[in-house]
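# Structural characterization, general
Now for the letters of each chain:
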Amino acid sequence: GGSDSQIKREYDEGHLVALHTCSHDYAKIYSSDAAFFEDLYTVQNRVKNITGYESKISRFPGGSSNTVSRKYSGGIMSRLTAEVQNRGFKYYDWNLSSGDAAGGTPTSDQIYYNVINSLSKNRANMVLMHDIKPYTRDALRRIIRYGKENGYRFEKITMDTDMVTQRVNN
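Residues numbered from 1 in each chain as written. Predicted model: local features only at pLDDT ≥ 70, side-chain atom pairs only at ≥ 80, totals over all residues. Heavy atoms only, no water.

### Observations concerning the environment of methionine 159
Along the chain, methionine 159 turns up in the segment after helix H6 (134–149). In this structure the C-alpha to C-alpha distance between methionine 159 and glycine 88, which are 71 residues apart in sequence, comes to 9.7 Å. Residues in contact with methionine 159, not counting those within four places in the same chain, are Lys56, Ile57, Gly88 and Lys90. (Helix = DSSP H or I, 4+ residues; strand = E, 2+ residues; numbered from the N terminus. Contact = heavy atoms within 4.5 Å.)

Set out below in structure tokens:
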């Protein structure tokens, strides 16, 4: 999602513009392998048209471990996780959650504590957060400050970044 101007600004300011989904309609994108790739290439083309950059970094709606996809196509995540890589993409899940997903934690204090209490110096911390949530946005500055004060680095994902993945359940 996001407006064209927001995507352009993110790219121009040096941020990674990764691919998530065009529709976020699970029934549509997980109905078949072809439907998923149609959606992925649609969002990839949109990002390229806005930025001039062809992103090959993505995150599956619901993560690679989602089980909702089972309702639409048995085994689809097992196929897709392999095929995105065969097509030159990398995908990233998360190993810690802010708790802000649908039905989650609606306060910036709880988002802050969910993240800082789950950080580990023994791994790359890949945090699931949603920039459309105002309480997440409000917690982010504090999370960054805490991280910097406690020796964490914030780095942009690139094609050289090791993938952080979950166990595929479909």
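On we go from here.
### With respect to the packing of aromatic side chains
Here the structure, examined in full by the defined rule, presents 10 aromatic pairs. Members of the aromatic cluster, each reached through a chain of ring pairs, are Tyr26, Tyr30, Phe36, Phe37, Tyr41, Phe60, Phe89 and Tyr91. Sitting over the face of the ring of phenylalanine 89, lysine 56 holds its NZ or CZ atom 4.6 Å from the ring centroid. (Phe/Tyr/Trp six-rings, centres within 6.5 Å; stacked < 30°, edge-to-face > 60°. Lys NZ or Arg CZ within 6 Å of the ring centre and 35° of its normal.)

### Re the nonpolar core
Counting residues in hydrophobic clusters, the biggest one holds 18 residues, and the most contacted among them are Tyr30, Phe36, Leu40, Phe60, Leu80 and Val84. Counting residues per element, the ones that place at least two in this core are helix H3 (33–51) and helix H4 (76–86). A total of six residues in this core trace back to one element, the largest contributor, which is H3. In contact with leucine 80, not counting residues within four places along its chain, are Tyr30, Asp33, Phe36, Phe37 and Phe60. Core analysis: the second largest hydrophobic core is formed by nine residues, Leu96, Ile116, Leu119 and Ala139 among them. (Core = buried A, V, L, I, M, F, W, Y, C linked by side-chain atoms within 4.5 Å. Buried < 20%, exposed > 50% of the residue type's maximum accessible area, 1.4 Å probe, protein only.)

### A closer look at the pattern of salt bridges
Between side chains of opposite charge, a pair can form as their charged atoms come close. This structure, assessed with the given rule, holds nine salt bridges. Linking arginine 9 and glutamate 13 is a salt bridge whose minimum nitrogen-to-oxygen distance equals 2.8 Å. For arginine 9, a relative accessible area of 55% corresponds to the exposed category. In this structure, arginine 142 and aspartate 109 form a salt bridge, with 2.9 Å as the shortest nitrogen-oxygen distance. (Salt bridge = Lys/Arg side-chain N within 4 Å of Asp/Glu carboxyl O.)

### Some remarks on the packing of helix H5 (residues 108–116) against H6
Two numbers describe how H5 lies on H6: the axes approach to 8 Å, and their chain directions differ by 40°. With respect to their mutual orientation, H5 and H6 come out oblique. Between H5 and H6 lies a crossing whose hand is right-handed. Of the residues in H6, those touching H5 at Ser108, Asp109, Ile111, Tyr112, Val115 and Ile116 are Tyr135, Thr136, Asp138, Ala139, Arg142, Ile143 and Tyr146. (Axes fitted to C-alpha atoms, helices over the stretch in contact; angles between N-to-C directions. Parallel < 35°, antiparallel > 145°, perpendicular 65-115°, else oblique. Left-handed = near helix turned anticlockwise from the far one by under 90°.)

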